[in-house]
Amino acid sequence: MWWFVVPKAVFGDDAVQHLQNERAERVLIVTDKSLKELGYVDEVKKHIKAEKIEVFDDVEPEPSIETAVRCAKVARDVDAQLIIALGGGSVMDVGKMARILMELDIDPELVTPFTDLYELGFKKKAKLIAIPTTSGTGADATWAMVLTDTKEKRKVLPANREAIPDLTILDYRFVEKMPAKLVAGTGMDALTHAIEGAVAPWKNDFSDAMCEKAIEIILENLEKSYKGDVEARAKMHHAATMAGMGFGNSQVGVVHSLGHAFGAYFKVHHGICVGVFLPYVLQYYINDEGSKKLLDYLAVKAGLKDAESLVDRIFEIMKNTDLPTKVSEIVGEKEYFDALEEVVNHAINDACIITSPRCPGTEEVRKLYEYAFYGKKVDF
């Protein structure tokens, strides 16, 4: 038996007006300080009919477990009937976990796909609406919540079907002013989700439909969106959520394992992390006959010749959007290799590594990190 769980979606350049239809007296808006300063919180507030609106704007990039716990306390104090997560993936992950923790006294790491939250007393008192302000994470459509254990410098990946937002609002106005650098990084995040979701062992007909279409849209529109094309930016906003719906029901793989471990240690934006490792992991997949067939199929569906041409196209996009094409463009050699054993250990223990079409051992993970640092073609 398979599940395909996705939120309802409202999309369009006036989609945020849907909030006028929500009935809640006590609302918590989860966001970050920069979005509040940009006036996005005020834009959301003016469409809400509620007696009490509280704002939690302390979400940081790569948010910590502690931040989610603090947000949950605010939600509990407000007795929120509606939680609105307004922001990028970090904000949505905090909002998703806060909805659970406002009701349950549970270690976030114990929230797994196999945890029966209702048996523990979860009643889903608060409805959760996601309003993404970037076009990449797909967190508005997934079960997962990526948080950081700051003490051990590692990512934790709690996930549960009940964490998925009830509704995602895709309003293009919230991404119109997105900086080009963020367009590029989040766009590579979405592309990685779509490709890994399409080759994951748990892929299915429904996830394939979303992932394959997202790949097509992203390859066609990411560079245009980076240059400021409004229509392309709207297309990328759709594609990010579609990729989230896809990989959220099939999972991701080695790219995310490498990216999670690297990003947690060096505090690098998640989209940059998965983007820089994507072409090298795909080369690793190509060297496996079964994985190559999957990638050849995806390449042809996207109008390319084969898997190798897909990798070439990804490198081309990275160069055209000023993204690093090797890790040495992000971090210094000594710093990197001094930390490599710890980073490799976290990567090999990352949950995503088991949902890969080809699963590397410790030595192969180390070699992938080395090859990606120097920009060498993967030959194993």
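Above: the structure in question.
Residues numbered from 1 in each chain as written. Predicted model: local features only at pLDDT ≥ 70, side-chain atom pairs only at ≥ 80, totals over all residues. Heavy atoms only, no water.

*Asks:* It is not clear to me how the overall build of the chain should be interpreted in this structure. Could you clarify?
*Replies:* Assigned secondary structure in the chain consists of 13 helices and eight strands. Relative to the globule expectation of 21 Å for 380 residues, the C-alpha radius of gyration of the chain, 20 Å, shows essentially globular dimensions. Its C-alpha atoms put the chain at 60 × 45 × 40 Å along the principal axes. Within the chain, the fraction of its 380 residues that count as buried is 59%. With the model as given, the accessible surface of the chain reaches about 15,800 Å², and the carbon-plus-sulfur share is 51%. Charge separation in the chain, taken as the distance between the mean sites of 46 positive and 60 negative side-chain charges, equals 2 Å. (Helix = DSSP H or I, 4+ residues; strand = E, 2+ residues; numbered from the N terminus. Rg over C-alpha atoms; globule rule 2.2 N^0.38 Å. Buried < 20%, exposed > 50% of the residue type's maximum accessible area, 1.4 Å probe, protein only. Areas by Shrake-Rupley, 256 points an atom, 1.4 Å probe, with all protein chains shown as cover. Lys, Arg positive; Asp, Glu negative; His and termini not counted. Charge placed at Lys NZ, Arg CZ, Asp CG, Glu CD.)

*Asks:* Where do I start with the sheet that holds strand β5 (residues 127–132) in this structure?
*Replies:* Pairing between sheet strands relies on hydrogen bonds along the backbone, with the strands arranged either parallel or antiparallel. With respect to topology, six strands assemble into an open sheet ordered β1-β8-β5-β4-β2-β3, the strand pairing being parallel. Across the chains shown, the open sheet's two edge strands, defined by having one partner strand only, are β1 (8–11) and β3 (52–56). Averaged over neighbouring strand pairs, the angle between their axes works out to 20° when direction is ignored. Sheet topology note: the strand β2 (residues 26–30)/β3 ladder contains five bridges and is parallel. When the sheet's bridge partners are listed, L28 is paired in β3 with E54. (Pairing = 2+ DSSP bridges. Axes fitted to C-alpha atoms, helices over the stretch in contact; angles between N-to-C directions.)

*Asks:* In this structure, what is going on with the environment of E212? I would like to understand it.
*Replies:* With respect to the secondary-structure elements, E212 resides in helix α6 (residues 205–226). Distance in space between the C-alpha atoms of E212 and A198 is 6.9 Å, their sequence separation being 14 residues. Beyond its immediate stretch of four places on either side in the chain, E212 contacts Y297, L298 and K301. At 3.5 Å, the side chain of E212 forms a polar contact with the side chain of Y297. (Contact = heavy atoms within 4.5 Å. Polar contact = N/O pair within 3.5 Å; in protein donor to acceptor, adjacent residues only side chain to side chain.)

*Asks:* Help me understand the packing of aromatic side chains in this model?
*Replies:* Each aromatic ring pair is described using two quantities: the centre-to-centre distance and the angle formed by the ring planes. Applying the stated rule across the entire model yields 19 aromatic pairs. Here F277 and Y369 contribute two aromatic rings whose centre-to-centre distance is 5.4 Å and whose plane-to-plane angle is 85°, an arrangement assigned as edge-to-face. You can see F277 sitting in helix α9 (residues 270–286) and its partner Y369 sitting in helix α13 (residues 362–374), a full 92 residues away along the chain. Both residues of the pair, F277 and Y369, belong to the buried class. Across from the ring centre of Y284, 3.8 Å away, lies the NZ or CZ of R358, which sits over that ring. Its end group placed over the ring of F380, K367 keeps NZ or CZ at 4.2 Å from the ring centre. (Phe/Tyr/Trp six-rings, centres within 6.5 Å; stacked < 30°, edge-to-face > 60°. Lys NZ or Arg CZ within 6 Å of the ring centre and 35° of its normal.)

*Asks:* I'm lost on the packing of α6 against helix α7 (residues 230–247) in this one. Help?
*Replies:* How two helices pack is summed up by the angle between their axes together with the distance between the axes. It is at 8 Å that the axes of α6 and α7 come closest, and there the two elements cross at 150°. Viewed along their axes, α6 and α7 adopt a mutual orientation that is roughly antiparallel. The crossing of α6 and α7 is left-handed. On α7, the residues touching S207, M210, C211, K213, A214, I217, I218, N221, L222, K224, S225 and Y226 of α6 are A232, R233, K235, M236, A239, M242, A243, M245, G246 and F247. Residues that form the contact of α6 with α7 fall into these classes: 14 nonpolar, four polar and four charged. (Parallel < 35°, antiparallel > 145°, perpendicular 65-115°, else oblique. Left-handed = near helix turned anticlockwise from the far one by under 90°. Nonpolar A, V, L, I, M, F, W, Y, C, P; charged D, E, K, R; others polar.)

*Asks:* How should the pattern of salt bridges be read in this particular structure?
*Replies:* Pairing between side chains of opposite charge can happen when the charged atoms of each approach one another. On inspection of all chains with the given rule, the structure shows 27 salt bridges. The partner of D296 in a salt bridge is K292, with the nearest N and O atoms 2.9 Å apart. One end of the pair, D296, and the other, K292, are both in helix α10 (residues 289–301), four residues apart, so they sit about a helical turn from each other. On the basis of relative accessible area, K292 is assigned to the partly exposed category, the value being 23%. Several salt bridges converge on common partners, so that one network encompasses K33, K36, D57, D58 and R70. (Salt bridge = Lys/Arg side-chain N within 4 Å of Asp/Glu carboxyl O.)

*Asks:* Explanation requested: unusual backbone geometry in the structure shown.
*Replies:* Working note: non-glycine residues mostly have negative phi, and peptide bonds are mostly trans. Even without a glycine there, the phi angle at K267 is positive, about 55°. Of note, K267 is situated in the loop between α8 (254–266) and α9. With a phi angle near 60°, D322 is a residue other than glycine that sits in the positive phi range. Among the secondary structure elements, D322 is positioned in the loop between α11 (307–320) and α12 (333–348). With a relative accessible area of 61%, D322 lands in the exposed category.

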